Amino acid sequence: MTEQDTTLQYNSFEDPRCEGYLEDGRTGMSPSTLKRAFLNNLFYVQGKFKALATPNDYYMALAYAIRDRLLQRWINTAAIYTAQGSRTVAYFSAEFLMGPHLGNNLINLDIYKDVEKGIAEMGLNLGELLEQEEEPGLGNGGLGRLAACYLDSLATLEIPSLGYGIRYEFGIFDQEIEDGWQVEITDKWLRFGNPWEIARPEWAVEVKLGGHTDHYVDDHGRYRIRWVPDQQVTGIPYDTPILGCQTNTANTLRLWTAEAPESFNFNAFNSGDYLGAVYEKVVSENISKVLYPNDDSSQGKKLRLTQQYFFVSCSLQDMIRILVGQELPLEKFHEKFAVQLNDTHPAIAVAELMRLLIDMHHMSWDSAWSITQRTFAYTNHTLLPEALERWPVELFGSLLPRHLEIIYELNDRFLDEVRIKFPEDDSRLSRMSLIDESGERYVRMAHLACVGSHAINGVAALHTELLKQDVLYDFYQMYPGKFQNKTNGVTPRRFMVLSNPALTELVTSKIGDTWIKNLGELQKLEAWADNPEFQQQWRQIKQANKQELAAYIQKHNGIIVDPNSIFDILAKRFHEYKRQYLDLLHIVTLYNRIKANPDIEITPRTFIFGGKAAPGYFMAKLIIKLINSVADVINRDPDVRGRLKVVFLKNYNVKLAQRIYPAADLSEQISTAGKEASGTGNMKFALNGALTIGTLDGANVEIREEVGAENFFLFGLTAEQVYAKRASGYNPMEYYNSNAELRLALDRIASGFFSHGDTELFKPLVDSLLHHDQYFLLADYQSYIDCQEQVGLAYRDQDRWTHMSILNAARMGKFSSDRSIQDYCREIWKVEPVTITLENSEVTDSSFTATVI
Ligand code: NBG
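Bear in mind the structure is a predicted one, so any value in this text is a computation, not a measurement.

Novice: Would you take a moment to explain the pairing of strand β8 (residues 205-209) for this structure?
Specialist: Both faces of the sheet carry side chains from a regular strand, because those side chains alternate between them. Burial along β8 is one-sided: V205, V207 and L209 are buried, and none of E206 and K208, which face the opposite way, are. By the bridge criterion, five bridges tie β8 to strand β11 (residues 231-243) in an arrangement that is antiparallel. Paired with V207 across the strands is V233, a residue of β11.

Novice: Any chance you could explain the domain arrangement of the chain here in plain terms?
Specialist: Interfaces are frequently sized by the accessible area removed from exposure as the parts join. On domain assignment, one finds that the chain holds domain 1 (85-99 + 135-485) and domain 2 (505-718 + 777-815). Computed over C-alpha atoms only, the centres of domain 1 and domain 2 are separated by 36 Å. Each partner contributes to the interface: domain 1 provides 37 residues, whereas domain 2 provides 36 residues. Taken together, the two surfaces of domain 1 and domain 2 that pack against each other cover about 2,900 Å², and 57% of this comes from carbon and sulfur. Applying the counting criterion to the domain 1 and domain 2 interface returns three salt bridges. We note a salt bridge from K621 to E184, for which the minimum N-O separation is 2.7 Å. The interface formed by domain 1 and domain 2 contains 16 residue pairs in polar contact (both at pLDDT 80 or more). If you list the elements that add at least two residues to the side of domain 1 that touches domain 2, you get α6 (142-156), β5 (174-178), β6 (181-185) and α17 (461-471). Among the residues forming the side of domain 1 that touches domain 2, the class breakdown is 15 nonpolar, 13 polar and nine charged.

Novice: Help me understand empty space enclosed by the protein in this model?
Specialist: A probe as big as a water molecule, rolled over the atoms, marks out the empty space that is left. For the structure on display, the rule yields six cavities of 30 Å³ or more. By volume, the second largest cavity amounts to about 140 Å³. M98, N104, D152, I242 and R494 are the residues nearest the centre of the second largest cavity, which is lined by 14 residues in total. Listed by contribution, the elements that provide at least two residues to the lining of the second largest cavity are α3 (102-109), α6 and β11. Considering each element in turn, the lining of the second largest cavity owes the most residues, four residues, to α6.

Novice: Would you mind going over the nonpolar core with me for this structure?
Specialist: Across soluble globular proteins, nonpolar side chains have a tendency to be buried as a group. Counting 113 residues, the largest nonpolar core has F92, L316, F396 and W829 as the members making the most contacts within it. Broken down by element, the residue count for this core peaks at 11 residues, all from helix α9 (residues 302-325). Not counting the four nearest positions on each side in its chain, L316 is found in contact with F92, F333, A349, E352, L353, L356 and F376. Core analysis: the second largest hydrophobic core is formed by 87 residues, L106, L124, V507 and I553 among them.

Novice: What is the right way to read unusual backbone geometry from this model?
Specialist: For residues that are not glycine, phi is negative in most cases, and the peptide bond is trans in most cases. You will see that H756, though not glycine, has its phi angle at about 50°, which is positive. Residue position: H756 is located in the loop between α29 (740-750) and α30 (763-771). Given a relative accessible area of 80%, H756 falls into the exposed group. Unusually for a residue other than glycine, K830 sits at a positive phi of about 50°. Inspection of the secondary structure puts K830 in the loop between α33 (817-829) and α34 (845-848).

Novice: Sorry if this is basic, but what is going on with the site of the ligand here?
Specialist: Taken together, 14 residues lie around the ligand, and H381, N488, E676, S678 and G679 are the ones closest in. For the ligand, an oxygen atom lies 2.6 Å from a polar atom in the side chain of E676. Here the ligand, which alone exposes 370 Å², has 94% of that area covered by the protein. A breakdown of the residues in the shell around the ligand according to their chemical character gives five nonpolar, five polar and four charged.

Novice: Teacher, can you tell me more about the confidence of the model for the chain here?
Specialist: Low pLDDT means the predicted atomic positions in that stretch should not be read closely. Per-residue confidence for the chain gives a mean pLDDT of 94, with 95% of residues at or over 70. Strand β23 (residues 666-669) holds the highest mean pLDDT among the elements of the chain, 99, whereas α34 holds the lowest, 46. Within the model, pLDDT remains below 50 along residues 1-21, and this stretch shows 35 contacts once partners closer than five positions in the same chain are excluded. The low-confidence segment residues 842-852 (pLDDT under 50) makes 16 contacts with residues lying over four places distant or belonging to another chain.

Novice: When you look at the environment of K510 in this model, what are you seeing that I'm missing?
Specialist: Locating K510 in the fold gives a position in helix α20 (residues 501-511). Taking the C-alpha atoms as reference points, K510 and K302, separated by 208 residues in sequence, lie 55 Å from one another. Setting aside residues no more than four positions away along its own chain, K510 makes contact with W528, F534 and Q537.

Novice: I would appreciate a short explanation of α20 in the present structure.
Specialist: Think of an α-helix as 3.6 residues a turn; residues three or four steps apart then line up on the same face. Regarding α20, the residues found buried are L503, T504, L506, V507 and I511. Take α20 and look down its axis: the buried residues cluster within an arc of 165°, on one side only. For α20, exposure combined with an orientation more than 90 degrees from the buried face picks out P501, E505 and S509. Just downstream of α20, G512 is the residue with a positive phi angle, here 80°.

What counts, and where the lines are drawn
Residues numbered from 1 in each chain as written. Predicted model: local features only at pLDDT ≥ 70, side-chain atom pairs only at ≥ 80, totals over all residues. Heavy atoms only, no water. Buried < 20%, exposed > 50% of the residue type's maximum accessible area, 1.4 Å probe, protein only. Helix = DSSP H or I, 4+ residues; strand = E, 2+ residues; numbered from the N terminus. Pairing = 2+ DSSP bridges. Domains from an automatic or database assignment. Contact = heavy atoms within 4.5 Å. Buried area = accessible area lost by both parts, 1.4 Å probe. Salt bridge = Lys/Arg side-chain N within 4 Å of Asp/Glu carboxyl O. Polar contact = N/O pair within 3.5 Å; in protein donor to acceptor, adjacent residues only side chain to side chain. Nonpolar A, V, L, I, M, F, W, Y, C, P; charged D, E, K, R; others polar. 1 Å grid on protein atoms, 1.4 Å probe; cavity = no way out; pocket = protein on both sides within 12 Å on 5 of 7 lines; lining within 4 Å. Points joined across faces, edges and corners; volume = space filled by probe spheres on them. Core = buried A, V, L, I, M, F, W, Y, C linked by side-chain atoms within 4.5 Å. Near = heavy atom within 4 Å. Areas by Shrake-Rupley, 256 points an atom, 1.4 Å probe, with all protein chains shown as cover. pLDDT = per-residue confidence, 0-100. Arc of directions from axis to C-beta.

This is how it looks when you write it as structure tokens:
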């Protein structure tokens, strides 16, 4: 950190440009006021001065200064929503992968440059302060990041909304690499405190668990059911303001922490049982302790169901509090709130809302059901059968006995409906039942979500079609009108303005800055696609971004990479269906070609991987090990002469993703067709001018439609062809036997060449391809290799490549999360924007009543 001795003086705050004007020190935006706020916080919040302050102290001081600006908007927003009783979206998600807040808030407040300058004037570096922020990794991958992009767009579009989820004490693990293997380290993201959240213990709620139900007749002669739990926990909400871009709207992300109702059991304590006295506290707090690190798979663990029920129950109770606070009757619950279920993780909400309305608020079954169905909508995020959540009936009943009864009752009524629509079709009844009775009995959460929602959507056009034809075929036949498509989107604020400032500036210099909130405007760049000077600037920016990533790689991996080579990047969670292994087969193939003919002409490439594997997913972890093993050999081999480099960047997260996208030339989107629901990394890469090599899977299909087939490197089987091949008996061995290069690549891996002669290490990987190849790598291999050949050729013609790169970015308008959210608002939520003004922006009387939204 460069420091100038005189800069951190307390007396240099008067703004020379506005003599006599004293801005409100807590909310003012002029550089001098911001500086004063920063130093105030350093002294009075962090309790530090320059000689003792750590970089983290500086970060915290700035974060608190920015938070004050957010709070002003947040309070105004709450006051206006409360006064207007605005219809509100509640986004229920077990994951929110927000990424660091500070930089994003500076962008959305539109003060990034001012703050950068002010901080520099004090001898500090904003980039270094931003680096200090430990990102809240409260999600695994695409699903959690989508929820975060959607919150950004909801606020930017001024839609009243709340995100509801879990405040995991430990988020997704930090990934270390030791001897090429992934090692998981606990993510202690709260270690230094979290300046962005505010605890709201006054809005705590109680959640029951376990026990049994009593059926009885009440004083009015009504048949009633009482849930007698054997455990109770308290949910404490922690609120984070979510600011829109260049708007005064600041919505709320409300995350729940579990606590024991009494932290001490005094009876146990008094009898000398000290450990017993805190036992309940420990058990309760486990509920929000840690994020399950599985992406696209479900393990059926009781704690997971407890987590889901816990946050859903807290959130629905909170919403009833808000409703009652606004003096609205419960009958209007679905008018006040539109609830989106982000996958099946919160699907238990269907039964919980029924329970709250019927048991706690004495509503009739039919009224409660009508409200429930009109409240919920369900987004499906996966086609993988192993990811469809189901809970053993016994486990479910032991935790949620009352909900199981409600689900049975729902099921009886639902199956009657099915019988009427499809008489004499018993197999359909068992396929559609909320309870799977084919073996051990299970509660099927996707079915509960479908029955309890008025809208069901997939996340890309192809995905929605496959849901209708396959995974949810019976439900589509039953309720065709419920099905909709909502193609995913990403926020250009974080994934362009914040992460790629140079490109942002270039684009803005040509077409103005309205594209930031209206991404379709990027289309105007097409006019520049062949302009030599513009192309030159475009290339220079990519080059500079690549140099920055190269410096990062050198620092973290000790590998020197060539910024003139193609940066060919695959960054996402590790899963066999995403086919990182196919990328490796290409690398090994190129390497084999060089070994056979050291003078062969090959367009130089740097292969970069990033991503985490679920800790219990053996094959995914072995693929990481193989990447690192191949890297070790190739990076050292003098025959390669720097033409190929392989890099595994550890601990892929939002922060790292923001470095990676701007530096990519080639985006690898190579999943087996029919497996990736949408993908969103594909959109972020293209927005930053990377070209895609990909299959016709998920949103790739629509990306290709938008950018034009001639600007997209397509390979591989279609989803239909994959189905047909599977049906007709796929034999991967045929490909192995008939393709010499493929055989050589696999044999090299099997031979121990990359494992110091150990022929056992990678055997499971080789065998899985030769004997099963569930994800059709061998079937797509040749097509992939040929397509990569085209990529290499295209890159040699830099004018052509740049033209394609510009067009890719220019045609990304459709993939803004603003477009997705507008579609949800119009077609599912039926909710309108509410404009927030900051007139009378001091804390006024009205804000004292703004306890609800
Ligand atoms: C993921 C899909 C991705 C998709 C995101 C967001 C789950 C269960 N699904 O393809 O695999 O882009 O959801 O919709 O994490």
